[in-house]
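Here are the chains, one letter per residue:
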Protein chains: 2
Amino acid sequence: MNAADRAVLDDFHALSALGATEAGGVERQAATEADRQTREWLVDWLTTRGFTTTVDRIGNLFGLREWTPGAPFVLVGSHLDSQPRGGRYDGAYGVLAAAHAVQRVHERFASSGETPPFNAAVVNWFNEEGSRFKPSMMGSAVYTGKMPLEEALAVTDLDGVSVEEALARIGFLGEQDGPRAAFAAEIHIEQGRVLDKEGIQIGLVESNWAAHKYQISVVGAQSHTGSTVMADRQDALLGAARVIVAVRELVDRFPDTPLHTSAGQLFVHPNSPVVVAREAELHLDLRSESLEVLQEADAILNREFAAIEASTNVKIVKKSAHFWPVNPYQPEGVELAREAAEALGLSHRPMLTLAGHDSTNLKDIVPTVMLFVPSVEGISHNEHEFTHDEDICAGVNLLTEVVARLCRGDLRS
Amino acid sequence: MNAADRAVLDDFHALSALGATEAGGVERQAATEADRQTREWLVDWLTTRGFTTTVDRIGNLFGLREWTPGAPFVLVGSHLDSQPRGGRYDGAYGVLAAAHAVQRVHERFASSGETPPFNAAVVNWFNEEGSRFKPSMMGSAVYTGKMPLEEALAVTDLDGVSVEEALARIGFLGEQDGPRAAFAAEIHIEQGRVLDKEGIQIGLVESNWAAHKYQISVVGAQSHTGSTVMADRQDALLGAARVIVAVRELVDRFPDTPLHTSAGQLFVHPNSPVVVAREAELHLDLRSESLEVLQEADAILNREFAAIEASTNVKIVKKSAHFWPVNPYQPEGVELAREAAEALGLSHRPMLTLAGHDSTNLKDIVPTVMLFVPSVEGISHNEHEFTHDEDICAGVNLLTEVVARLCRGDLRS
């Protein structure tokens, strides 16, 4: 193992100790104390090496390398925040890889004397996970103009703390805009088992799956679990349970095209053991590579909602919805990454991403490269998430090559 | 309307203003600030009229009338605590009715010069509702020796506050035992629609329904809602949803004997929108007048659990369980109440109680009388709970007559 690889692994080890959980994961939800510690660690890493750091109005943290004053930037990054009891790799690996890649590119340009036409910035995007503050991918959504800044700052967590307050408390509420982007790149663990199963080192992401996420409220009436006769009940939790089962059963209707469905978050009111619930708020998440399948699933689900309303004597109210269409990454970026992988002798294959990433937002404003490294057994959003050191290092090597080519202007039209 | 009736209604109006909600209910969960206010109101009411008040080690509040020093007491009461967004009548009516009944009996004895063989006490039993601290009927369970004091004091709410701390904070953690019981009586709204539908004024409760309440934990594995392939998921929330549906469907298997089932409380971990849940904790509640039906329902449910474990790739772990058999109130107490109702010209019928009450505990140590007044449309554990003033007053009149008879020793064997 060379010194550069060892430095990556040592840094990853140090980073993983921040917000570490007993079972080997991390818990660093957005704008918490653990998130602050991780950010301070990154600021320290960057400033020690001569990067200029800056924070924008939504808490995105940038480490700038400006070789050509005034030129736009290649934004290279991911996110340091995690799910509750999340894994060490998800997001944090991408930020650390970005830091090492940009630093290596800087050293390469310094030793060759070359002045590239584009600058580079390491980025830690704010609140990619969306567990404390909804929706997910918030920092990159505000940066790319998809979500208004004021709306994002006003989002509150379950304790009523707003994004603005939380960022101010940890000292990462900036007062300026981030740097202007020319291109973007992100590397991430796959969070699936395709690469692991096939023994391939790199996934070249061509497109995201389409996703439809929405919040519903099942409205019933509060009553006594013992004395209220069954026929009189309007049980919001029973309605929600039937929705959860219906959402799962959608999957079996599409045997030929993968459809992923889930309900991950449920709030019950009043949630007392002897009270039939008056309301249940549920977050639904449907994803497919086929827009047609997703639309058909939505239509079936709406019919199921009507049936559940009738059978359970509840009302199902749709609150908010976020829809992501199937949207390709720029093919020229995929090709640039493929050539870079070839040059380094890394095995690779084209892939789709089932999960959303900050790059999903970035690609809608600038040409963006998205790379995957393998996840052992595809385990993700779990403390047992694992990627082999060899794959960690190979990913940083490839990202370095991709960033160098983007900074040199290989994608300039 | 006579002055005594008017005093009851005026007091009920004053009491209903404490912890009042906008929609006309109350929220006074056990040992909260609103519970403290209500208790202070009762202490003031009692001491103004010359009662001696005392608080026992689990926060049960007693107002004593001791006519025969050293004789045991007729305990007359219910509970002032409420569900979240509960109704005004549930519990509070029974405590107020007890206060008026014992006071009227006191005045009756004072004017007749009679010295009854038994004393009387108004009681506000601690934490009947069980919404903040589980289980329900805690104060009467400790008083009757069914639950160890230390175990009850150590129970914590969702914020980690113990019963002992919460009672100390509101100034109602006593240092002595409650008075010794000879008999008990309680009046409560029916929380069902039998009396309302039949136009009958009084329910004479002969027995409780059997109930089986238990806590289960559905254990899965945390993963990513987007990228984890469906076959790999161990979705604890999906498992819980299937349990909730199975619990409801039990009811339809017993068309001839009412079975009431519910799941009122569910906690999901980590409860993040993009994470497949690793654990779901669920509180189940099955009740029937038939022990056989309840046992058969339990057996079916256990088979359903096994099927859900297999279909959903989760584990279902039973945590704690409380079982109440069908257990009659003493028939001589029912007969005493029937004669009292006849004497007052009130229409009445024998009934079962589907809900648990403090008297369900008391009847296991002393002969106990349980009375119901009508609930309009049977609405309960709901801010729209309602009982007509006329029924409120008739209930107090009957309770007064019952307490007088119990104090006079009519049930002495």
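Note on numbering: residues in each chain are counted from 1, in written sequence order. Think of it this way: whatever chain is written first is A, whatever ligand is written first is 1, and the rest follow in order. For this predicted model, a pLDDT threshold of at least 70 governs which residues receive local features, and a threshold of 80 or more governs which side-chain atom pairs are given and counted, while totals over whole chains, interfaces and linings are taken from all residues. Computation of side-chain values: all heavy atoms of the structure, hydrogens and water removed.

## Quick word on the overall build of chain A
The cut-off we apply is this: Elements are defined by DSSP. Helices are runs of H or I of four residues or more, strands are runs of E of two residues or more, and each kind is numbered from the N terminus. Radius of gyration: over C-alpha atoms. The globule rule applied is 2.2 Å multiplied by the number of residues raised to the 0.38 power. Only protein chains enter the area calculation, which uses a 1.4 Å probe; residues under 20% of their type maximum are buried, those over 50% are exposed, and those in between are partly exposed. Contacts between residues were defined by any pair of non-hydrogen atoms, one from each residue, lying within 4.5 Å.
Helix and strand content of chain A: 12 helices and 14 strands. For chain A, the C-alpha radius of gyration of 23 Å lies close to 22 Å, the compact-globule estimate for 413 residues. Seen along its three principal axes, the alpha-carbon backbone of chain A occupies a region of about 80 × 50 × 40 Å. Per-residue burial over chain A gives 64% buried out of 413 residues. Intrachain contacts of chain A at a sequence separation of at least 6 include 78% that bridge at least 24 residues.

## A few points about the sheet that holds strand β4 (residues 119–124) of chain A
Residue and element names in this part refer to chain A. The criterion, for reference: DSSP bridges decide pairing: two strands pair if at least two such bridges lie between them. The convention used is that axes are lines fitted to C-alpha atoms, helices contributing only their stretch in contact, and that angles between N-to-C directions extend from 0 to 180 degrees.
Here we have 8 strands laid out as an open sheet, ordered β1-β2-β4-β3-β5-β14-β6-β13, and mixed in their pairing. For this open sheet the edge positions go to β1 (52–55) and β13 (348–353), each flanked by a neighbour on one side alone. Across this sheet, the average inter-strand angle for adjacent strands is 25°, counted without regard to direction. As defined by bridge partners, β1 adjoins strand β2 (residues 61–65) across 4 bridges and the pair is classed as antiparallel. Paired with Thr 53 across the strands is Gly 63, a residue of β2. Sitting on the sheet, helix α10 (residues 331–344) touches β6 (202–208), β13 and β14 (368–373), and the angle it makes with β6 is about 175°.

## Brief notes about helix α12 (residues 389–408) of chain B
To keep things clear, this is the line we draw: Each helix should span, by expectation, one fewer than its residue count multiplied by 1.5 Å.
Between its first and last C-alpha, α12(B) extends 29 Å over 20 residues, near the 28 Å set by a 1.5 Å rise per residue. Just past α12(B), the residue Gly409(B) takes up positive phi, approximately 95°.

## Some words on the pairing of β2(A)
All names here are of chain A. Within β2, 5 of the 5 residues are buried, which leaves the element mostly enclosed by the surrounding structure. Here β2 shows two buried faces, one formed by Leu 61, Gly 63 and Arg 65 and the other by Phe 62 and Leu 64. With antiparallel pairing between neighbouring strands as the criterion, β1 and β2 make up a hairpin whose turn holds 5 residues, including Gly 59 at a positive phi of roughly 85°. Pairing analysis gives 5 bridges linking β2 to β4, with the strands arranged antiparallel. Within the sheet, the bridge partner assigned to Arg 65 lies in β4 and is Ala 120.

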